Amino acid sequence: MSRYGWIRLAIVAGAALILEVLCRSHIVSRLIMIPPSEMLISAWQILASGAIKDDIYVSVVNICTAIALSISGGFFIGLAIFSLPALRATLEPFLASYYSVPPIVFYPLLIVIFGINQIPQIIIAVMFGLVTMVINTINGLDRIRPVLLKVGRVHRASFLVTVFRIKLPAAAPYLFIGVTLAVSYSIIGVISSEFIMSAVGIGHQISYAYDSYDNRTMYGLIALVLGIATLLNMSLHVYSQRLLRRWTR
Amino acid sequence: MDLPDATRTVHARVVGLTRVYPARDFQGAVNALGPVDLDLYKGEFFTIVGPSGCGKSTFLELLAGLALPTEGSIEFEGQPVRGQVPEGIGVVFQEDSSFPWLTVWDNVAFGLQCAGVDPAEVERRTNYAVGFMGLADFARSYPAQLSGGMRQRLCIARTLVLQPRLILLDEPFGALDQQTRLLMGDELLRLWRETGATILLITHALDEATMLSDRIGAMSARPGRLLEIISTHWSADRDSRIVGDERFGAITARLWVLLRQQSMKAIGRAGTEAAV
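Just so it is clear, the model here is predicted, and its values are computed rather than measured.

Rules used throughout
Residues numbered from 1 in each chain as written. Chains lettered and ligands numbered in written order. Predicted model: local features only at pLDDT ≥ 70, side-chain atom pairs only at ≥ 80, totals over all residues. Helix = DSSP H or I, 4+ residues; strand = E, 2+ residues; numbered from the N terminus. Rg over C-alpha atoms; globule rule 2.2 N^0.38 Å. Contact = placed C-beta atoms within 7 Å. Buried ≥ 20, exposed ≤ 12 C-beta atoms within 10 Å, placed from the backbone. Axes fitted to C-alpha atoms, helices over the stretch in contact; angles between N-to-C directions. Parallel < 35°, antiparallel > 145°, perpendicular 65-115°, else oblique. Left-handed = near helix turned anticlockwise from the far one by under 90°. Nonpolar A, V, L, I, M, F, W, Y, C, P; charged D, E, K, R; others polar. Expected span 1.5 Å × (residues − 1). Bend = angle between axes of the 7 residues up to and from the residue. Pairing = 2+ DSSP bridges. pLDDT = per-residue confidence, 0-100. Core = buried A, V, L, I, M, F, W, Y, C linked by C-beta atoms within 7 Å.

1. Details of the overall build of chain B
A tally of regular secondary structure across chain B gives eight helices and ten strands. Here chain B has a C-alpha radius of gyration of 19 Å; the compact-globule value for 276 residues is 19 Å, and the two agree. When its C-alpha atoms are laid out on the principal axes, chain B stretches across 65 × 45 × 40 Å. Look at the contacts in chain B between residues 6 or more apart in sequence, and 69% of them connect residues 24 or more apart.

2. Let's talk about the overall build of chain A
In terms of helices and strands, chain A carries eleven helices and zero strands. Traced from its N-terminal end to its C-terminal end, chain A shows the element sequence α-α-α-α-α-α-α-α-α-α-α. On the principal axes, the C-alpha backbone points of chain A span a range of 70 × 50 × 30 Å. Expressed as a percentage of its 249 residues, the buried residues of chain A come to 35%.

3. Here's the deal with the packing of helix α10 (residues 202-211) of chain A against helix α11 (residues 215-247) of chain A
Residue and element names in this part refer to chain A. Where α10 meets α11, the axes come as close as 8 Å, and the angle between the chain directions of the two elements is 155 degrees. Here α10 is positioned roughly antiparallel relative to α11, judged by the angle of their axes. Here α10 runs over α11; the crossing is left-handed. On α11, the residues that touch Ile202, Gln205, Ile206, Ala209 and Tyr210 of α10 are Thr217, Met218, Leu221, Ile222, Leu224 and Val225. The class makeup of the residues in the contact of α10 with α11 is nine nonpolar, two polar and no charged.

4. Examining helix α7 (residues 246-266) of chain B
In an α-helix, one turn spans 3.6 residues, which is why side chains three or four residues apart end up on the same side. Residue and element names in this part refer to chain B. Its 21 residues place the ends of α7 30 Å apart at the C-alpha level, agreeing with the 30 Å of an ideal helix rising 1.5 Å per residue. The sharpest bend along α7 measures roughly 40 degrees and falls at leucine 259. Taken as a whole, α7 has its buried residues at Ile251, Leu255, Leu259 and Gln262. Just downstream of α7 lies glycine 268, where phi reads positive at about 80 degrees.

5. Examining the interface of chain B and chain A
Taken together, the contact between chain B and chain A spans 16 residues of the former and 15 residues of the latter. For the side of chain B that touches chain A, the secondary-structure elements that each account for two or more residues are β6 (89-92) and α2 (104-114) of chain B. In the side of chain B that touches chain A, the residues fall into twelve nonpolar, three polar and one charged.

6. With respect to unusual backbone geometry
Here the bond from B:Arg222 into B:Pro223 is cis, since omega is -5 degrees, no more than 30 degrees from zero. Relative to the elements of secondary structure, B:Pro223 occurs in the loop between β9 (215-219) and β10 (226-231). Its identity as a non-glycine residue notwithstanding, A:His26 has a phi of 65 degrees, on the positive side. Topologically, A:His26 is positioned in the loop between α1 (3-24) and α2 (36-49). Taking the number of C-beta atoms within 10 Å as the measure of exposure, A:His26 has 8 and is therefore exposed. Look at B:Gln163: it is not a glycine, yet its phi comes out positive at around 50 degrees. Locating B:Gln163 in the fold gives a position in the loop between α4 (148-160) and β7 (166-170).

7. A look at the pairing of β10(B)
Direction of pairing for β9(B) relative to β10(B): antiparallel, over a ladder of five bridges. Note on β10(B): the bridge partner recorded for B:Arg215 is B:Ser231.

8. Re the environment of A:Ile222
Residues and elements named next belong to chain A. Along the chain, isoleucine 222 falls in helix α11. Isoleucine 222 sits in the partly exposed class, given 18 other C-beta atoms within 10 Å. C-alpha of isoleucine 222 to C-alpha of glutamine 205: the two residues are 17 residues apart in sequence and 10.0 Å apart in space.

9. A short note on the confidence of the model for chain B
When pLDDT is averaged across chain B, the result is 87; 95% of the residues are at 70 or more. Scoring of the predicted complex yields 0.79 for pTM and 0.86 for ipTM.

10. Quick word on the sheet that holds β7(B)
Residue and element names in this part refer to chain B. If you trace the six strands from one edge of the open sheet to the other, you get β6-β7-β8-β3-β9-β10, paired in mixed fashion. Looking along the sheet, the strands with just one partner apiece sit at the ends: β6 and β10. The mean inter-strand angle of the sheet, taken between neighbouring strand axes irrespective of direction, is 15 degrees.

11. Description of the nonpolar core
With 125 residues, the main nonpolar core has B:Val49, B:Leu63, B:Ala64, B:Val108, B:Ala157, B:Leu168 and B:Ile199 as its most contacted residues. Per element, the largest residue contribution to this core is 14 residues, and it comes from helix α6 (residues 118-142) of chain A. If near-sequence neighbours (up to four positions away) are discounted, B:Ile199 is found in contact with B:Phe45, B:Phe46, B:Ile167, B:Leu169 and B:Trp192.

12. Observations regarding α11(A)
All names here are of chain A. Compared with the 48 Å implied by 1.5 Å per residue over 33 residues, the 48 Å span of α11 between its first and last C-alpha is a close match. Of all the positions in α11, only Thr217, Met218, Tyr219, Gly220, Leu221, Ala223 and Leu224 are classed as buried. Residues of α11 that are buried in the fold lie against α2 and α10.

13. Quick word on the sheet that holds strand β4 (residues 71-76) of chain B
Adjacent strands of a sheet pair through backbone hydrogen bonds, lying either parallel or antiparallel. Residue and element names in this part refer to chain B. Pairing in this open sheet of four strands is antiparallel, and the strands run β2-β1-β4-β5 from one edge to the other. If you trace the sheet from one side to the other, it starts and ends with β2 (30-41) and β5 (79-80), each paired once. With two bridges joining them, β4 and β5 adopt antiparallel strand pairing. Along β5, the bridge assignment pairs phenylalanine 76 with glutamine 79. Across the face of the sheet, helix α1 (residues 56-64) comes into contact with β1 (10-21), β2 and β4 while running at roughly 120 degrees to β1.

14. Quick word on the environment of A:Thr137
Among the structural elements, A:Thr137 can be located in helix α6. Residues A:Thr137 and A:Lys150 lie 13 residues apart in sequence; the distance between their C-alpha atoms is 20 Å.

15. Comments concerning the confidence of the model for chain A
Summary statistics for chain A give a mean pLDDT of 90 and a share of 99% for residues scoring 70 or more. The least confident element of chain A, judged by mean pLDDT, is α11(A) at 88; the most confident is helix α7 (residues 146-154) of chain A at 94.

Structure follows, in structure tokens:
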């Protein structure tokens, strides 16, 4: 890990330590927050007991589905918009202002259409994650050095070879940004929609624990979500850095 | 290469080639090239020299089929070239065009894989091209781990592996230091002799043009036209040591006489000497 990585870790550990002291010394009431160490113990106990394994399974499947749809859909839509200048000129203002309206406002409408099940949650998560992937795909394709595409033409590369063996890897630094954001937004989309009108999922369990004043379970589950999100982001970051380091000039 | 032109096989023919970039935003139409007429003979080493912005690279892109001419025609081996790169033409670009995400070996094999060549043949030809360009020890390295000269050798190997019959080089050594350029010139001559390919080199370096070429076309400032074609009469087994030959200086001087006024025109100083 780099020096700055250690500094970042020290900041997070320091913040957790301060919170631990504040909670243990009752400066922060246990009715508001439990010490971070107890959150981790609670998270471990929830995992070990298997009490909510079905909820974890449903959330993880929904998140993975949303991630897959956001990334693949975002890439191909981005590619199509990039390839069709008229479509791009038409859609660009929508893309630029897309996140000014939170997609979650459409959740009730989706429930009316699809009912209370996983589909509206996945759609909300995809609505969160897809557009960031589209925007970053277009950004990445815009920044491909033209000479690399000329090499493809000189080698008479087919459309698919040009897309998958030249454009995709050449745009990879931007695609990784899109993938990282799509992963984060998919988690946000699924967990936040599980909070509202859902009978299953980690978000539902957090909401249930909150309504039942069960702080220990609630914070344990929050720690669990934090852990999953951090692990996914860290893995992506490490992988992308390792890959991109090879080609850095 | 001293055969009279009439007895030699025309490999590529350019007739009345012009390229005008249409008006855009606040800029009027730009007449970038031509008209240019040129016959490239099979197996010759032809170089085009000219001032910056005279349309040399535009000429190469048109000849390669990477761009469409405004007027005129191009033929390669008797077939028209128009907006698509024909089989048998290889191009090496001025800027580093290696794929940074592929190893040296995979970069070189790329074209063969695109063409659907049998994997065993890909292996054999790629190994040969990598070895030929002196990159065998770096086959598993990434371009970022190579020097500028080695990266350019990689790009040449990637072109060479396809066994092109016409190789177009757009200032391939432009970013290299003088000593490396001379050595790369030797490498290029060796490649030319061993492959028997026709080579068209674009450069702004007069000494490089003189050293490498059978014939040199001097191009005017924009819109680029061929002012004169000079035959060097070098033997095919020449190398960079011919810079010591007395004819070398005479040919280079002749090129400079042709291009000095054009270069001044290109930098907007035409006529200043006359005024002084």
